[in-house]
Amino acid sequence: QKEVEQDPGPLSVPEGAIVSLNCTYSNSAFQYFMWYRQYSRKGPELLMYTYSSGNKEDGRFTAQVDKSSKYISLFIRDSQPSDSATYLCAMSVGSNDMRFGAGTRLTVKP
Amino acid sequence: GAVVSQHPSWVICKSGTSVKIECRSLDFQATTMFWYRQFPKQSLMLMATSNEGSKATYEQGVEKDKFLINHASLTLSTLTVTSAHPEDSSFYICSAWAGASSQYFGPGTRLTVL
């Protein structure tokens, strides 16, 4: 079993839809949770950072962490074609042991 | 947010040559930098952790003599792919730890070995 599981998709939605991206994990010691967005042939860009359980909202993006279920989510409201990218979840126990999911390829169609 | 640059962004080389990739943190000091490798449509694979002033820590299966890492200052880490071969062709991405367990990534370097 991988430490971090993420459905690679691809996921295709119409413009304006709500997008739900998810990851599960097995290591209960993870306490830092991140979502990165990666456009084709570019480096990942940090979108959301959450410590421990709870929700965090930033504009159209909401990150949720449920440590009891070992499950994290990223919601994108009013999705735009410019949101089309690969979304990577990442998590760590400390500062230098980050583990990434496989990434979910998202396409938002106009 | 913190900015990390990489140079070059794209390099093509002949088999057997060595290639150096630079990773710089532009607006912050990074005691720890990371080097990743990414194949098409796959996730990031951590190759090594680079600490300023000390030897890099390599992940299992990564040849330290082939992928030389030097973290000479708080803003610069370099990865040298020695005696490159076509199977080394990949997208190499560095990241720098900016505190609070967040990493900022460079734009990546695409290496093509002919």
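Residues numbered from 1 in each chain as written. Chains lettered and ligands numbered in written order. Predicted model: local features only at pLDDT ≥ 70, side-chain atom pairs only at ≥ 80, totals over all residues. Heavy atoms only, no water.

Visitor: Sorry, what's going on with the nonpolar core here?
Guide: In globular proteins that are soluble, nonpolar side chains generally tend to be buried together. Judged by nonpolar contacts, the single largest core of 25 residues is most densely connected at B:Trp35, B:Tyr58, B:Phe67, B:Ile69, B:Leu79, B:Tyr92 and B:Leu111. Secondary-structure elements contributing two or more residues to this core are strand 2 (10-13), strand 3 (19-25), strand 4 (32-38), strand 5 (45-51), strand 7 (67-73), strand 8 (76-81), strand 9 (90-97) and strand 11 (109-113) of chain B. Those residues in contact with B:Leu79 that lie beyond four places of it in its chain are B:Val19, B:Lys20, B:Ile21, B:Trp35, B:Phe67, B:Leu68, B:Ile69 and B:Tyr92. The next biggest cluster of nonpolar side chains, apart from the first, holds 24 residues, and it includes A:Phe33, A:Leu47, A:Leu74 and A:Met91. (Core = buried A, V, L, I, M, F, W, Y, C linked by side-chain atoms within 4.5 Å. Buried < 20%, exposed > 50% of the residue type's maximum accessible area, 1.4 Å probe, protein only. Helix = DSSP H or I, 4+ residues; strand = E, 2+ residues; numbered from the N terminus. Contact = heavy atoms within 4.5 Å.)

Visitor: Would you take a moment to explain the state of the cysteines for this structure?
Guide: As used in these notes, a disulfide is a covalent bond between sulfur atoms, one from each of two cysteines. Residues and elements named next belong to chain A. Across all of its chains, the model carries two disulfides over all chains by this definition. In this model Cys23 forms its disulfide with Cys89; the gap between the sulfur atoms is 2.0 Å. Here the disulfide of Cys23 and Cys89 is left-handed, its torsion about the S-S bond being about -100°. Pair noted here: Cys23 is in strand 3 (residues 19-25) and Cys89 is in strand 9 (residues 85-92), with a separation of 66 residues, a long-range link. Neither residue differs from the other here; Cys23 and Cys89 are each classed as buried. (Disulfide = S-S within 2.5 Å.)

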